[in-house]
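Breakdown of the fold
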Amino acid sequence: MADTSSPDTGRAGPEREPVLGGRLRGMRQRREWTLQEVSIRSGLSVGMLSQIERGVSSPSIRSLQKLAEIFAVPIGWFFSDPGATPQGPAWVLRRAQRRVLDLSAKGITKELLSPEGDGKIELMLITIEAGGSSGESPYRHAGEDAGTVLEGALDLEVDGVASLLQAGDSFRFLSTLPHRFGNRGPLRCMVLWAVTPPLY
(Lines give C-alpha, C1' and ligand atoms only; values in the text may rest on other atoms or scores of the structure.)
Protein backbone atom coordinates (compact mmCIF):
# COMPACT_ATOMS: atom_id res chain seq x y z
CA MET A 1 0.00 0.00 0.00
CA ALA A 2 1.61 3.21 -1.11
CA ASP A 3 1.90 6.26 1.13
CA THR A 4 0.67 9.07 -0.92
CA SER A 5 -8.81 15.92 -0.60
CA SER A 6 -10.82 15.08 2.20
CA PRO A 7 -14.60 15.36 2.43
CA ASP A 8 -16.17 18.71 3.14
CA THR A 9 -16.70 18.81 6.88
CA GLY A 10 -17.16 22.55 7.18
CA ARG A 11 -13.53 23.19 8.18
CA ALA A 12 -10.88 24.95 6.17
CA GLY A 13 -8.49 22.20 5.08
CA PRO A 14 -5.29 24.28 4.92
CA GLU A 15 -5.72 25.23 8.58
CA ARG A 16 -5.68 21.65 9.84
CA GLU A 17 -2.14 20.55 9.04
CA PRO A 18 -0.25 23.23 11.04
CA VAL A 19 -2.05 22.09 14.21
CA LEU A 20 0.00 18.92 14.41
CA GLY A 21 3.29 20.54 13.39
CA GLY A 22 2.81 23.51 15.67
CA ARG A 23 2.07 21.35 18.69
CA LEU A 24 5.05 19.14 17.98
CA ARG A 25 7.36 22.15 17.67
CA GLY A 26 5.95 23.64 20.87
CA MET A 27 6.53 20.44 22.86
CA ARG A 28 10.07 20.16 21.52
CA GLN A 29 10.95 23.76 22.29
CA ARG A 30 9.48 23.64 25.80
CA ARG A 31 11.77 20.70 26.52
CA GLU A 32 14.65 22.54 24.84
CA TRP A 33 15.24 19.56 22.56
CA THR A 34 16.85 19.96 19.16
CA LEU A 35 15.48 18.20 16.11
CA GLN A 36 18.52 15.91 16.37
CA GLU A 37 17.55 14.90 19.92
CA VAL A 38 13.97 14.14 18.88
CA SER A 39 15.33 12.17 15.94
CA ILE A 40 17.49 10.00 18.20
CA ARG A 41 14.65 9.40 20.65
CA SER A 42 12.00 8.65 18.01
CA GLY A 43 14.01 7.02 15.25
CA LEU A 44 12.57 9.51 12.73
CA SER A 45 14.93 11.47 10.51
CA VAL A 46 15.69 15.13 11.18
CA GLY A 47 14.42 15.99 7.71
CA MET A 48 11.09 14.24 8.30
CA LEU A 49 10.65 15.91 11.71
CA SER A 50 11.38 19.31 10.18
CA GLN A 51 8.82 18.70 7.42
CA ILE A 52 6.19 17.64 9.97
CA GLU A 53 6.77 20.75 12.08
CA ARG A 54 6.44 22.98 8.99
CA GLY A 55 3.30 21.23 7.80
CA VAL A 56 5.01 20.01 4.63
CA SER A 57 4.61 16.33 5.49
CA SER A 58 2.45 14.15 7.73
CA PRO A 59 3.70 11.32 9.96
CA SER A 60 2.41 7.78 9.62
CA ILE A 61 0.26 6.47 12.45
CA ARG A 62 3.22 4.43 13.67
CA SER A 63 5.39 7.57 13.70
CA LEU A 64 2.68 9.43 15.62
CA GLN A 65 2.72 6.66 18.23
CA LYS A 66 6.50 7.07 18.61
CA LEU A 67 6.23 10.84 18.98
CA ALA A 68 3.42 10.56 21.50
CA GLU A 69 5.49 8.05 23.47
CA ILE A 70 8.66 10.16 23.72
CA PHE A 71 6.67 13.29 24.64
CA ALA A 72 4.49 11.32 27.09
CA VAL A 73 1.20 12.58 25.64
CA PRO A 74 -1.81 10.71 24.23
CA ILE A 75 -2.01 10.61 20.43
CA GLY A 76 -5.28 12.51 20.72
CA TRP A 77 -3.23 15.54 21.74
CA PHE A 78 -2.29 15.98 18.07
CA PHE A 79 -5.93 16.36 17.00
CA SER A 80 -7.33 19.80 16.26
CA ASP A 81 -9.25 21.57 19.01
CA PRO A 82 -13.05 21.28 18.99
CA GLY A 83 -14.54 23.53 16.34
CA ALA A 84 -17.43 24.87 18.40
CA THR A 85 -18.67 25.43 21.92
CA PRO A 86 -20.37 22.28 23.28
CA GLN A 87 -24.15 22.38 22.97
CA GLY A 88 -26.48 19.99 24.73
CA PRO A 89 -25.74 17.14 27.16
CA ALA A 90 -22.19 15.85 27.64
CA TRP A 91 -23.05 12.58 25.92
CA VAL A 92 -23.81 14.39 22.64
CA LEU A 93 -21.13 15.52 20.19
CA ARG A 94 -22.27 17.93 17.48
CA ARG A 95 -20.68 17.72 14.05
CA ALA A 96 -19.06 21.14 14.43
CA GLN A 97 -17.37 19.96 17.65
CA ARG A 98 -15.51 17.04 16.07
CA ARG A 99 -11.77 16.96 16.58
CA VAL A 100 -9.78 16.17 13.44
CA LEU A 101 -6.42 14.53 12.84
CA ASP A 102 -5.42 15.48 9.31
CA LEU A 103 -2.64 13.32 7.87
CA SER A 104 -2.85 14.87 4.42
CA ALA A 105 0.47 13.52 3.19
CA LYS A 106 -0.78 10.01 3.99
CA GLY A 107 -4.15 10.68 2.38
CA ILE A 108 -5.95 10.07 5.67
CA THR A 109 -8.30 12.17 7.79
CA LYS A 110 -9.63 10.93 11.14
CA GLU A 111 -12.59 12.57 12.84
CA LEU A 112 -13.40 11.65 16.42
CA LEU A 113 -17.12 10.96 16.71
CA SER A 114 -17.18 10.03 20.40
CA PRO A 115 -17.91 12.72 23.00
CA GLU A 116 -14.97 13.30 25.33
CA GLY A 117 -14.95 11.54 28.66
CA ASP A 118 -13.96 8.29 30.32
CA GLY A 119 -15.77 5.95 27.95
CA LYS A 120 -14.51 2.50 27.05
CA ILE A 121 -15.04 2.76 23.30
CA GLU A 122 -14.01 5.29 20.68
CA LEU A 123 -15.74 5.91 17.37
CA MET A 124 -14.08 7.54 14.37
CA LEU A 125 -14.92 8.43 10.80
CA ILE A 126 -11.81 7.70 8.75
CA THR A 127 -11.50 9.02 5.22
CA ILE A 128 -8.78 7.50 3.03
CA GLU A 129 -8.16 9.19 -0.28
CA ALA A 130 -7.11 7.18 -3.35
CA GLY A 131 -3.53 6.02 -2.77
CA GLY A 132 -3.63 6.86 0.94
CA SER A 133 -2.51 4.44 3.63
CA SER A 134 -1.54 4.12 7.28
CA GLY A 135 2.03 3.44 6.16
CA GLU A 136 4.19 0.61 4.87
CA SER A 137 4.86 -0.76 8.34
CA PRO A 138 2.05 -2.38 10.36
CA TYR A 139 1.34 -1.01 13.84
CA ARG A 140 -0.33 -2.42 16.93
CA HIS A 141 -1.83 -1.32 20.25
CA ALA A 142 -3.90 -2.71 23.09
CA GLY A 143 -7.56 -3.59 22.64
CA GLU A 144 -9.83 -4.38 19.72
CA ASP A 145 -10.70 -2.71 16.41
CA ALA A 146 -13.98 -3.03 14.54
CA GLY A 147 -15.76 -1.16 11.80
CA THR A 148 -17.67 -1.08 8.56
CA VAL A 149 -16.86 0.38 5.17
CA LEU A 150 -19.35 3.12 4.30
CA GLU A 151 -18.00 4.10 0.91
CA GLY A 152 -15.32 2.91 -1.51
CA ALA A 153 -12.98 -0.02 -0.89
CA LEU A 154 -10.62 -0.65 2.03
CA ASP A 155 -7.40 -2.67 1.83
CA LEU A 156 -6.98 -4.10 5.32
CA GLU A 157 -4.07 -6.27 6.44
CA VAL A 158 -4.11 -7.98 9.83
CA ASP A 159 -1.30 -10.21 11.04
CA GLY A 160 0.05 -10.58 7.51
CA VAL A 161 -3.30 -11.50 5.96
CA ALA A 162 -4.73 -8.97 3.48
CA SER A 163 -8.36 -8.53 2.47
CA LEU A 164 -10.24 -6.08 0.27
CA LEU A 165 -13.44 -4.81 1.90
CA GLN A 166 -16.19 -3.14 -0.10
CA ALA A 167 -18.94 -0.78 1.07
CA GLY A 168 -21.13 -2.68 3.55
CA ASP A 169 -18.38 -5.09 4.61
CA SER A 170 -17.36 -5.13 8.28
CA PHE A 171 -14.34 -6.23 10.31
CA ARG A 172 -13.18 -6.90 13.84
CA PHE A 173 -9.74 -7.95 15.10
CA LEU A 174 -7.46 -7.81 18.12
CA SER A 175 -5.49 -4.57 18.03
CA THR A 176 -2.43 -6.36 19.38
CA LEU A 177 -2.06 -8.01 15.96
CA PRO A 178 0.07 -6.00 13.52
CA HIS A 179 -2.22 -4.21 11.10
CA ARG A 180 -2.30 -1.55 8.43
CA PHE A 181 -4.80 -0.22 5.92
CA GLY A 182 -5.02 1.73 2.71
CA ASN A 183 -6.98 2.56 -0.40
CA ARG A 184 -5.71 1.41 -3.80
CA GLY A 185 -8.98 2.28 -5.53
CA PRO A 186 -9.65 5.35 -7.67
CA LEU A 187 -12.28 6.69 -5.26
CA ARG A 188 -12.07 7.80 -1.65
CA CYS A 189 -12.90 5.30 1.07
CA MET A 190 -14.84 6.14 4.23
CA VAL A 191 -14.87 3.82 7.23
CA LEU A 192 -16.81 3.97 10.47
CA TRP A 193 -14.11 2.67 12.83
CA ALA A 194 -14.39 1.75 16.50
CA VAL A 195 -11.53 1.14 18.94
CA THR A 196 -11.67 -0.16 22.49
CA PRO A 197 -10.18 0.97 24.77
CA PRO A 198 -9.94 4.50 23.30
CA LEU A 199 -6.69 5.04 21.43
CA TYR A 200 -6.89 8.79 20.98
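First, a word on what this report is: a plain description of the structure on this page. Everything numeric in this text was worked out from a predicted model, so none of it was measured.

Some remarks on the sheet that holds strand β1 (residues 100–103)
Taking strand neighbours across the sheet as the criterion, the six strands line up as β1-β2-β3-β9-β4-β7 in an open arrangement whose pairing is antiparallel. Pairing within the sheet leaves two strands with one partner each, and these edge strands are β1 and β7 (170–174). Ignoring which end each strand starts from, the neighbouring axes of this sheet average 20° apart. Relative to strand β9 (residues 189–196), strand β4 (residues 144–151) runs antiparallel, the two sharing seven bridges. Residue pairing in the sheet places Ala-146 in a bridge with Ala-194 of β9.

Brief notes about the nonpolar core
Judged by nonpolar contacts, the single largest core of 40 residues is most densely connected at Phe-78, Leu-154, Leu-156, Phe-181 and Trp-193. If one sorts the elements of this core by residue count, helix α4 (residues 61–71) sits on top with five residues. Those residues in contact with Leu-154 that sit more than four places away from it in its chain are Ile-128, Val-149, Ser-163, Leu-164, Leu-165, Phe-171, Phe-181, Gly-182, Cys-189, Val-191 and Trp-193.

Remarks on the packing of helix α2 (residues 35–42) against helix α3 (residues 46–54)
The axes of two packed helices give the description: the angle between them and the distance between them. Two elements in contact, α2 and α3, have axes whose closest approach is 9 Å; the angle formed by their N-to-C orientations is 110°. Taken together, the axes of α2 and α3 are roughly perpendicular relative to one another. With respect to the hand of their crossing, α2 and α3 are arranged in right-handed fashion. The segment α2 lies against α3, with Leu-35, Gln-36, Val-38, Ser-39 and Ser-42 engaging Val-46, Leu-49, Ser-50 and Glu-53. Across the contact of α2 with α3, the residue classes break down as four nonpolar, four polar and one charged.

Structural notes on the pattern of salt bridges
The final tally for this structure, using the stated rule, is eight salt bridges. For the salt bridge of Glu-111 with Arg-98, the shortest nitrogen-to-oxygen distance reads 3.2 Å. With Glu-111 in strand β2 (residues 108–112) and Arg-98 in the loop between α4 and β1, this residue pair connects regions lying 13 residues apart in the sequence. Each of the two residues, Glu-111 as well as Arg-98, counts as buried. Put simply, Arg-172 and Glu-144 hold a salt bridge, and the shortest N to O gap is 3.6 Å.

Thoughts on the environment of Glu-144
On the secondary structure map, Glu-144 appears in strand β4. Residues Glu-144 and Val-195 lie 51 residues apart in sequence; the distance between their C-alpha atoms is 5.8 Å. Apart from residues no more than four positions distant in its own chain, Glu-144 is found in contact with Arg-172, Phe-173, Leu-174, Ser-175, Ala-194, Val-195 and Thr-196.

Focus: the pairing of β7
Each regular strand carries side chains that alternate between the two faces of the sheet. Residues Phe-171 and Phe-173 point to one face of β7 and are all buried, whereas Ser-170, Arg-172 and Leu-174, pointing to the other face, are not buried. In the sheet, β4 pairs with β7 via five bridges, with the strands oriented antiparallel. Residue pairing in the sheet places Gly-147 in a bridge with Phe-171 of β7.

Thoughts on α4
For an α-helix, 3.6 residues make a turn, and residues three or four places apart therefore share a direction. Three or more residues of α4 are buried, namely Ile-61, Ser-63, Leu-64, Gln-65, Leu-67, Ala-68 and Phe-71. Phi for Ala-72, located one or two positions after α4, is positive at around 55°.

With respect to α2
The complete set of buried residues in α2 reads Leu-35, Val-38, Ser-39 and Ser-42. Looking straight down α2, one finds its buried side chains confined to an arc of 105°; they lie on one side. Backbone geometry just after α2 places Gly-43 at a positive phi near 85°.

The rules behind the values
Residues numbered from 1 in each chain as written. Predicted model: local features only at pLDDT ≥ 70, side-chain atom pairs only at ≥ 80, totals over all residues. Heavy atoms only, no water. Pairing = 2+ DSSP bridges. Helix = DSSP H or I, 4+ residues; strand = E, 2+ residues; numbered from the N terminus. Axes fitted to C-alpha atoms, helices over the stretch in contact; angles between N-to-C directions. Core = buried A, V, L, I, M, F, W, Y, C linked by side-chain atoms within 4.5 Å. Buried < 20%, exposed > 50% of the residue type's maximum accessible area, 1.4 Å probe, protein only. Contact = heavy atoms within 4.5 Å. Parallel < 35°, antiparallel > 145°, perpendicular 65-115°, else oblique. Left-handed = near helix turned anticlockwise from the far one by under 90°. Nonpolar A, V, L, I, M, F, W, Y, C, P; charged D, E, K, R; others polar. Salt bridge = Lys/Arg side-chain N within 4 Å of Asp/Glu carboxyl O. Arc of directions from axis to C-beta.

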